[in-house]
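Examination of the molecular architecture
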Amino acid sequence: MSDVRQHADDIHDQFSDHIDVSVDDVEDRLTTLVDEYKVPIDEARRSVTNHYLEEAGLDREDLSSGSSEAAQVEDVDEPEQWIDLTAKVIELWDPRSDSVAQVGLLGDPTGTIKFTKWAKSDLPALEEGGVYELRNVVTDEYQGRYSVKLNSTTVIEELDEEIEVGDDTSEIEGALVDMQSGSGLIKRCPKEDCTRVLQNGRCNEHGEVEGEFDLRIKAVVDDGIDAHEVIFDKDATENLTGISLEEAKDMAMDALDTTVVADEIRDQIVGTYYRIEGPTFGRYVLADDVEELDGPVDAEQLLIRARSM
Ligand SMILES: [Zn+2]
């Protein structure tokens, strides 16, 4: 199906309950604007939509959004869904491929989600900090993480309003089943704004540096449904294990080996049940608030929750 036909289909869907109009009529109008008057497709779509709104005596709010449905970021839990989002562009990243025009992070009051805008879709540029209504975006999933794709049928409308972006707080209750490498007593690059974790005394960016000690845990917590990657920063690690950074350094000094710290921490935490709350950062949950639980989460409770999802 051509892009124009796709747009015509969408518009027709929106109006078919209200007025007697065929997809061909809609397509003719779009084609005239695009081919004869060289109007960009999203502008043409807006114009044609307005025409039918007037003919039907409707306001934009009266329309269902046709094939796509108004959604919020937290609703995205399935790939291949066509949705409309009202969101703020939190940041733009450098596209790694020529086929991508823009890539970055969108946010609404319920959370944040990555977006990709294809180069061939020929859409207007989104600006960092801008708030937009994005109609007809399609959801995607890669390794459990969701994103939205802006495509040639997407309609972008900049809004003159502010959106407060939610922080994506997660709560997980489950067993800490694994501690990943890079946990325990680590060294970070001391260069300003770098803080990368050193591998054998080397920073990926700055080469060999005199690292600064830090404590952290990268763990996997299984809530019985999903496995979540959780990061404990220095404070959270100290609270969780009762081992302070100074004590960890002493332990490593005595043993002439930093891995003793990770071993000690692993013995303490793996197999223990926790309730963990904190913001989501990409695929990680940052453990802000941690409570140790007595034992396995009640199986019945889990089942009830699973059914209500
Ligand atoms: Zn560095």
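Residues numbered from 1 in each chain as written. Predicted model: local features only at pLDDT ≥ 70, side-chain atom pairs only at ≥ 80, totals over all residues. Heavy atoms only, no water.

Under an unreviewed UniProt entry, the name given to the chain is Replication factor A, and the source organism is Natronococcus pandeyae.

1. Focus on the nonpolar core
Membership of the largest hydrophobic core comes to 24 residues, with the highest contact counts inside it found for Ile217, Val230, Phe232 and Ile269. If you list the elements that add at least two residues to this core, you get β8 (170-179), β12 (212-222), β13 (227-232), α4 (234-241), α5 (245-255), α6 (259-269) and β14 (273-278). When neighbours within four sequence positions are excluded, Ile269 is seen to be in contact with Leu176, Met179, Ile217, Leu240 and Tyr274. Membership of the second largest hydrophobic core comes to 18 residues, among which are Ala71, Leu106, Leu123 and Val137. (Core = buried A, V, L, I, M, F, W, Y, C linked by side-chain atoms within 4.5 Å. Buried < 20%, exposed > 50% of the residue type's maximum accessible area, 1.4 Å probe, protein only. Helix = DSSP H or I, 4+ residues; strand = E, 2+ residues; numbered from the N terminus. Contact = heavy atoms within 4.5 Å.)

2. A short note on the packing of helix α2 (residues 23-36) against helix α3 (residues 41-56)
The geometry of α2 relative to α3 is characterised by a closest axis approach of 9 Å and an angle of 135 degrees between their N-to-C directions. Accordingly, the angle class assigned to the pair α2 and α3 is oblique. Crossing geometry of α2 relative to α3 is assigned as right-handed. From α2, Asp25, Val26, Arg29, Leu30, Leu33 and Val34 reach across to α3, where they touch Ile41, Ala44, Arg45, Ser47, Val48, His51 and Tyr52. (Axes fitted to C-alpha atoms, helices over the stretch in contact; angles between N-to-C directions. Parallel < 35°, antiparallel > 145°, perpendicular 65-115°, else oblique. Left-handed = near helix turned anticlockwise from the far one by under 90°.)

3. Examining the side chain of Lys218
Counting through the fold element by element, Lys218 comes out in strand β12. Look past the residues within four positions of Lys218 in its chain and what remains in contact with it is Asp178, Met179, Gln180, Ser181, Gly182, Ser183, Val230, Ile231 and Tyr284.

4. With respect to the packing of aromatic side chains
Two aromatic rings, taken as a pair, are described by how far apart their centres are and by the angle between their planes. As enumerated under the stated definition, the model contains 1 aromatic pair in all. A centroid spacing of 5.6 Å and a plane angle of 50 degrees characterise the contact between Phe15 and Tyr52, whose relative ring orientation is tilted. You can see Phe15 sitting in helix α1 (residues 3-15) and its partner Tyr52 sitting in helix α3, a full 37 residues away along the chain. An identical accessibility class is assigned to Phe15 and Tyr52; each is buried. Here Lys187 stacks its cationic end above the ring of Phe213, 4.8 Å away from the centre of that ring. (Phe/Tyr/Trp six-rings, centres within 6.5 Å; stacked < 30°, edge-to-face > 60°. Lys NZ or Arg CZ within 6 Å of the ring centre and 35° of its normal.)

5. A look at unusual backbone geometry
Of note in this structure, Lys38 is not a glycine but carries a positive phi near 55 degrees. Locating Lys38 in the fold gives a position in the loop between α2 and α3. With a relative accessible area of 64%, Lys38 lands in the exposed category. Unlike most non-glycine residues, Glu80 shows phi in positive territory, near 65 degrees. Within the element layout of this structure, Glu80 appears in the loop between β1 (69-70) and β2 (82-93). For Glu80, a relative accessible area of 59% gives the class exposed.

6. Describing the pattern of salt bridges
Applying the stated criterion across every chain yields a total of 17 salt bridges. In this structure, Arg135 and Glu133 form a salt bridge, with 3.1 Å as the shortest nitrogen-oxygen distance. Taking relative accessible area as the criterion, Arg135 reaches 11% and is therefore assigned buried. Taking relative accessible area as the criterion, Glu133 reaches 21% and is therefore assigned partly exposed. (Salt bridge = Lys/Arg side-chain N within 4 Å of Asp/Glu carboxyl O.)

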